[in-house]
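A look at the structure
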Amino acid sequence: MSVRVRFAPSPTGFLHVGGLRTALYNYLFARHHKGTYVLRIEDTDRTRLVENAVENLIKSLKWAGIDYDEGPGKGGDYAPYIQSERLSIYKEYADILHKKGAAYYAFDTTEEIDEMRKRNPGESFTKYDRTSMKNEYTLGEEESKKMVDSGTSYVLRLKVPDSTTVVFDDLIRGKVEVSTNEIDDQVLMKSDGFPTYHLANVVDDHLMKITHVIRGEEWLPSTPKHVLLYHAFGWEKPLFAHLPLLLNPDKSKLSKRQGSVAVEDFASEGYFSDAIVNFVALLGWNPSSDREIYTIDELIESFDIEKVNKGGAVFDRAKLEWMNFQYLKLMPANELADILTPILEAKGITGFQTEYLEKVINLFRERIKFVKEIPEIAGYMFSSPQDFEQEYLEKHWKGNTVEILEPLLDKYKATGDFSHSALYELTKSYIEGLGKKLKEIIHPIRLMLTGKSAGAGMFETMEVLGKDECIKRIEEFIKIKETGKI
Ligand code: GLU
């Protein structure tokens, strides 16, 4: 039997990192087993729809490199993959359940349901009271049919059998048992003609031949209802795996209050998709105990759903930053240049060759966490500095600095080798020849070229800036200094 899994998000906004983890584990599972990965949009709750949410979701999945085999925009044997386009299918299956006596019509108004709940104040859960409310059993079949035919608003509810136990195996949690006394007569079809999540989800998983349902732990309480539905239809149920919750470091449920949770926000903050995917893959599972960095192929190769932990997984933002840094260190300069280019453009910095950007990146990659920091800390790599750190200037610009600099500037002009090692040798032998130390001249040079007291290695910086630019900046600085403007 070939594996078929699905990621079934509801388009209620952005893709949450928890959703990304579910999407990723399904993806790893599908690819590991050479199975099929389906994307299905569960949009039957019309009150929660958000415009463009489907497009955003697909964009975030694409950014993360998670591609699906069947789904919106791609088609497949079981299309359509958007639930709001499958309403007639749900209606057909709702009727089947009704005919089988596994579901019944109920006519209670919202106020009547609220009244019923009030009868049990303090209880977190009130089971729908089939014997006293307004439904097919209390009104009788004939009366109920009349009401349906005359257009009275109604819902279809699952008839949950009394006092038995629903049992199913979860690939992560083992055997799960729930008493049906704890399960409500779930609404399956709403009065607006839309199915609820439960009916649509089960019908689609069956029709789309899904073999494994891999989803977040928050859906675990729904599974007994789904098992009852499979049973009522007489269908074989898929295998279930419920992934552990994502937690804040204080063990509360992961929330926006403690930082970004939307995949698109991590993307715009400058995280690399590979780093996010690597990090998210390890929220609840790790292929080995002594490694943290894995390629996607390695993750696919070793993914084992049964090795996923039951306990909540802490979302450690410091670890994510660290992981991003590991990727930054290893990423080829040309890929980083591709990321840097639009960041610079947004700041109006254009016209630099990729080769130059690559050199700048290599100069700073050990000093940054995100590529976007480059124009912030090293704006002087793209134009002459306009501001000079006052304290640094006062400390290192002496009365005789120009005098010392001028012959050195001539040497820089004359040299044909502007590599950092040649610059080092040349500068060192010159300054030591004057009986002075290298640092006595390095600080003024750094000041003139960058305006800042700290940065990358000075001679490496000079090599990247290039001979003409360095000479121009030094001459400009000396000139302005003479006018007393600095
Ligand atoms: N539509 C549900 C969600 O938004 C899917 C749950 C499931 O995978 O069954 O997460």
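A short tour of the structure in this document, coming up.

1. Concerning the side chain of Ser144
Within the fold, Ser144 resides in helix H6 (residues 141–149). The exposure class of Ser144 is buried, given its relative accessible area of 1%. If we skip the residues at most four places from it in the chain, Ser144 touches Tyr105, Phe107 and Glu136.

2. Points about the pattern of salt bridges
Applying the stated rule across the entire model yields 24 salt bridges. Across the pair Arg40 and Asp204 runs a salt bridge, and its minimum N-O distance is 3.8 Å. On the criterion of sequence distance, the pair formed by Arg40 in the loop between strand S2 (36–39) and helix H2 (53–63) and Asp204 in helix H7 (residues 197–207) is long-range, its members being 164 residues apart. Taking the relative accessible area as the measure of exposure, Asp204 reaches 0% and is therefore buried. With a closest N to O distance of 3.4 Å, Arg173 and Glu217 form a salt bridge. Taken as a pair, Arg173 in the loop between strand S5 (165–170) and strand S6 (174–179) and Glu217 in the loop between strand S8 (212–216) and helix H8 (223–233) lie far apart in primary sequence, 44 residues in all. A residue is classified by how much of its surface remains accessible, and Glu217, at 24% relative accessible area, is partly exposed. Because the salt bridges share partners, they merge into one network encompassing Arg6, Arg40, Glu42, Arg86, Asp204 and Asp205.

3. Side note on the packing of helix H1 (residues 17–32) against helix H10 (residues 273–281)
Contact geometry for H1 and H10: axes closest at 9 Å, N-to-C directions at 80°. On the basis of the axis angle, H1 is roughly perpendicular to H10. Contacts between H1 and H10 pair Val17, Leu20, Arg21, Leu24 and Tyr25 from the former with Ile276, Val277, Val280 and Ala281 from the latter. Considered class by class, the residues forming the contact of H1 with H10 number eight nonpolar, no polar and one charged.

4. Section: unusual backbone geometry
The general pattern is negative phi for most residues beyond glycine and trans for most peptide bonds. For the bond running from Ala79 to Pro80, omega is 0°, close enough to zero to count as cis. Residues other than glycine seldom take positive phi values, yet Lys251 does so here, at roughly 75°. Positionally, Lys251 belongs in the loop between strand S10 (246–247) and helix H9 (263–269). Relative accessible area serves as the criterion here: at 56%, Lys251 is assigned to the exposed category.

5. Focus on the sheet that holds strand S3 (residues 103–106)
Pairing within the open sheet is antiparallel, and its three strands lie in the order S3-S4-S7. Of all strands in the sheet, those with a lone pairing partner are S3 and strand S7 (187–189), marking the two edges. Taken pair by pair, the neighbouring strands of this sheet meet at an average axis angle of 45°, ignoring direction. Judged from the two bridges that link them, strand S4 (residues 155–158) and S7 form a sheet pairing that is antiparallel. In the sheet register, Arg157 faces S7, and the bridge partner there is Val187.

6. Considerations on the site of the ligand
Taken together, the residues surrounding the ligand are Arg6, Ala8, Pro9, Ser10, Glu42, Tyr197, Asn201, Arg215 and Trp219. A distance of 2.7 Å separates an oxygen atom of the ligand from a polar side-chain atom of Arg6. Here an oxygen atom of the ligand and a side-chain polar atom of Asn201 are 3.0 Å apart. The protein chains hide 85% of the 300 Å² of surface that the ligand would expose on its own.

7. Details of a negative patch on the surface
A surface patch of negative charge is lined by Glu403, Glu406, Asp410 and Glu482. Following the sequence through the fold, Glu406 ends up in helix H17 (residues 401–414).

8. Quick word on the pairing of S8
With five of five residues buried, S8 lies mostly within the body of the structure. Here S8 runs beside strand S9 (residues 239–243); their pairing, made up of five bridges, is parallel. Its bridge partner lying in S9, Ile214 is registered against Ala241. For the crossover that starts at S8, traverses H8 and ends in the parallel S9, the hand is right-handed.

9. Let's talk about the layout of surface pockets
In this structure, the second largest pocket encloses a volume near 400 Å³. Surrounding the second largest pocket, 17 residues form its lining, His98, Lys99, Tyr105, Glu136 and Glu141 being those nearest its centre. Mapped onto the lining of the second largest pocket, the elements with two or more residues apiece are helix H3 (87–100), S3, helix H5 (136–139) and H6. The dominant element in the lining of the second largest pocket, judged by the number of residues it contributes, is H6, at five residues.

Conventions and cut-offs
- What you see as residue numbers is a count from 1 along each chain, following the sequence as written.
- Predicted model: local features are reported for residues with pLDDT of at least 70 only, side-chain atom pairs are reported and counted for 80 or more only, and whole-chain, interface and lining totals are derived from all residues.
- Side-chain descriptors were evaluated using all non-hydrogen atoms of the structure, hydrogens and water having been removed beforehand.
- Strands here mean DSSP runs of E at least two residues long; helices mean DSSP runs of H or I at least four residues long; both are numbered from the N terminus.
- For every residue, the accessible area (1.4 Å probe, protein chains only) is compared with the maximum for its type, and the residue is labelled buried under 20%, exposed over 50%, or partly exposed between those bounds.
- By the convention used here, residues are in contact when the closest approach between their heavy atoms is within 4.5 Å.
- Each reported salt bridge corresponds to a side-chain nitrogen of Lys or Arg within 4 Å of a carboxyl oxygen of Asp or Glu.
- Here the axes come from fitting lines to C-alpha atoms, over the contacting stretch only for helices, and the angles between their N-to-C directions go from 0 to 180 degrees.
- For classification purposes, an angle smaller than 35 degrees is called roughly parallel, one larger than 145 roughly antiparallel, one from 65 to 115 roughly perpendicular, and anything else oblique.
- Residue polarity follows a fixed list, in which Ala, Val, Leu, Ile, Met, Phe, Trp, Tyr, Cys and Pro are nonpolar, Asp, Glu, Lys and Arg are charged, and the others, Gly among them, are polar.
- Strand pairing requires that DSSP identify at least two bridges connecting the strands.
- The near set for a molecule or strand comprises every residue that places at least one heavy atom within 4 Å of it.
- As used in this structure description, the phrase polar contact means that two N or O atoms lie within 3.5 Å; if the pair is within protein, one of them must be able to donate a hydrogen and the other to accept it, and residues adjacent in sequence are counted only when both atoms belong to side chains.
- Note on areas: Shrake-Rupley with a 1.4 Å probe; residue coverage comes only from the protein chains shown.
- Residues form patches when they are more than 30% accessible in relative terms and have no salt bridge. Like charges link within 9 Å. Nonpolar side chains (Val, Leu, Ile, Met, Phe, Trp, Tyr) link within 5 Å.
- Residues counted as positive are Lys and Arg, residues counted as negative are Asp and Glu, and His and the chain ends are not counted.
- Every charge is mapped onto a representative atom, which is NZ of Lys, CZ of Arg, CG of Asp or CD of Glu.
- If the strands point away from the viewer and the path from the first strand over the helix to the second runs clockwise, then the crossover is right-handed.
- Here a cavity is any set of points on a 1 Å grid over the protein atoms alone where a 1.4 Å probe fits but cannot get out, and a pocket is any open set with protein on both sides within 12 Å along at least 5 of 7 lines; a residue lines the site when it has an atom within 4 Å of a point.
- Grid points are joined across faces, edges and corners, and a volume is the space filled by probe spheres set on the points.

Note that all results are geometric; they support no functional claim without further evidence.
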